[in-house]
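Survey of secondary and tertiary structure
Below, each chain spelled out in residue letters.
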Amino acid sequence: MKKLFVAVLVMLMFVGLSGCGSDSTEKTKKEVKTEFQIGETATYEKVDYTVTQVAMSEGSEYNKPEDGKVFVIVSLKIVNNSDGKIDYNPFNWKVVNSQGQEDDYSITGSLQTEHSLDSGSLIGGGSVEGDVVFEEPIDGTLKLNFYNTVFDSNYVFDFVIRA
């Protein structure tokens, strides 16, 4: 009788533990989105990042891209929803083209306007908008990668800026 009682108790424990398996842990896992489209907002550490617009330019009379390339002008909006101060910098952004090349932003002289994103800090509740310019192939996909600092080797999220 004792053996039967122990066997039933062991079976009940197995049934109870099987309910604590992958289904319950899958429910607690939160899927984090890391790829965004133009107009969508990516939030990282209580800071919102939005690509508001992307334009292509063949340059100016004095500043033209290399043959087979265009200037890609990415308009960004950054909003600090945290209580602390954050730093921003155009070097936090890099473009990956369809050839697998990851490029820093281009210092383009005559394309730099009062709308260029400079480096600076935002206090809690602050926001900034500005353009970052890249020199990229005329055709092919482009993704804009965000790095939390200029020293990071892995990006946090990206925007598809040309499909």
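In every chain, residue numbers begin from 1 and rise along the written sequence. pLDDT decides what is reported in this predicted model: residues at 70 or higher carry local features, side-chain atom pairs at 80 or more are listed and counted, and totals for whole chains, interfaces and linings draw on all residues regardless. Heavy atoms throughout the structure, all of them, feed into the side-chain values; hydrogens and water do not.

1. Details of the packing of aromatic side chains
Pairing of aromatic rings covers Phe, Tyr and Trp, the last counted by its six-membered ring, and requires centre-to-centre distances within 6.5 Å; plane angles under 30 degrees mean stacked, over 60 mean edge-to-face, and any other angle means tilted. Inspection of every chain in the model, using the stated rule, returns twelve aromatic pairs. Pairing Tyr49 with Trp93 gives two aromatic rings, centres 5.9 Å apart and planes at 65°, and the pair type is edge-to-face. Of this pair, Tyr49 sits in strand 3 (residues 47-57) while Trp93 sits in strand 6 (residues 93-97); the two residues are 44 residues apart in sequence, bridging distant segments of the chain. Considered together, Tyr49 and Trp93 belong to a single accessibility category, that of buried residues. Ring centres 6.3 Å apart and planes at 70° place the aromatic pair Trp93 and Phe157 in the edge-to-face group. Here a strand is any run of E in DSSP of at least two residues, a helix any run of H or I of at least four, and the numbering for each starts at the N terminus. Note on exposure labels: buried denotes an accessible area under 20% of the residue type's maximum, exposed denotes more than 50%, and partly exposed covers the range between, all computed with a 1.4 Å probe on protein chains only.

2. Observations concerning the sheet that holds strand 3
When DSSP finds two or more bridges between a pair of strands, those strands are recorded as paired. The strand order across the open sheet built from four strands is 2-3-4-9, with neighbouring strands paired in antiparallel fashion. Since the sheet does not close on itself, it has two edges, and those belong to strand 2 (41-44) and strand 9 (127-137), each with one partner. Going from strand to strand, the sheet's axes swing by 30° on average, the running direction of each strand aside. As judged from the ten bridges shared by strand 3 and strand 4 (residues 69-80), these two strands associate in the antiparallel manner. By the bridge assignment for strand 4, Val47 is matched with Asn80. A fitted line through C-alpha atoms represents every axis, and for helices the fit uses only the stretch in contact; the resulting angles, taken between N-to-C directions, go from 0 to 180 degrees.

3. Details of empty space enclosed by the protein
A cavity here means a set of points on a 1 Å grid, drawn over the protein atoms and nothing else, where a 1.4 Å probe fits but cannot get out; a pocket is an open set with protein on both sides within 12 Å along at least five of seven lines, and a residue lines either one if it has an atom within 4 Å of a point. Grid points are joined across faces, edges and corners, and a volume is the space filled by probe spheres set on the points. Across all of its chains, the model carries one cavity of 30 Å³ or more by this definition. For the largest cavity, the calculated volume is near 40 Å³. Considering the residues around the largest cavity, the lining is formed by Tyr49, Ile78, Asp87, Tyr88, Asn89, Asn92, Trp93, Phe146 and Asn148. Gly falls in the polar group here, along with every residue not listed as nonpolar (Ala, Val, Leu, Ile, Met, Phe, Trp, Tyr, Cys, Pro) or charged (Asp, Glu, Lys, Arg). Here the residues of the lining of the largest cavity sort into five nonpolar, three polar and one charged.

4. Topic: the confidence of the model for the chain
The quantity called pLDDT is the predictor's confidence in a given residue, expressed from 0 to 100. Averaged over the chain, the pLDDT score is 84; the fraction of residues at 70 or greater is 77%. Whether two residues are in contact is decided by their heavy atoms, any of which lying within 4.5 Å being enough. Scored below 50 in pLDDT, residues 4-10 makes zero contacts in the model with residues more than four places away or belonging to other chains. Counting contacts from residues 21-28, a segment whose pLDDT is below 50, to residues more than four positions away or on other chains yields one contact.

5. A word on a nonpolar patch on the surface
A contiguous nonpolar patch, built from Phe91, Val150 and Phe151 and spanning about 340 Å² of accessible area, is present on the exposed surface. Structurally, Phe151 is set in the loop between strand 10 (142-146) and strand 11 (157-162). Phe151 sits in the exposed class, given a relative accessible area of 78%. Candidates for patches are residues over 30% relative accessible area with no salt bridge; among them, like charges are joined within 9 Å and nonpolar side chains (Val, Leu, Ile, Met, Phe, Trp, Tyr) within 5 Å. Working definition of accessibility: Shrake-Rupley area with a 1.4 Å probe, residue cover restricted to the visible protein chains. By salt bridge we mean one thing: a side-chain nitrogen of Lys or Arg within 4 Å of a carboxyl oxygen of Asp or Glu.

6. Topic: the layout of surface pockets
By volume, the largest pocket is sized at about 190 Å³. Forming the boundary of the largest pocket are Tyr44, Glu45, Val47, Tyr49, Ile86, Asp87, Tyr88, Asn89, Asn92, Asn148, Thr149 and Val150. If you list the elements that add at least two residues to the lining of the largest pocket, you get strand 3 and strand 5 (86-88). If you tally residues by element for the lining of the largest pocket, the top one is strand 5, at three residues.

7. Section: the pattern of salt bridges
For the coordinates displayed, the defined rule picks out three salt bridges. Between Lys94 and Asp104 there is a salt bridge, with its nearest N and O atoms 3.7 Å apart. Taken together, the residues Lys94 in strand 6 and Asp104 in the loop between strand 7 (102-103) and strand 8 (120-122) connect sequence positions ten residues apart.

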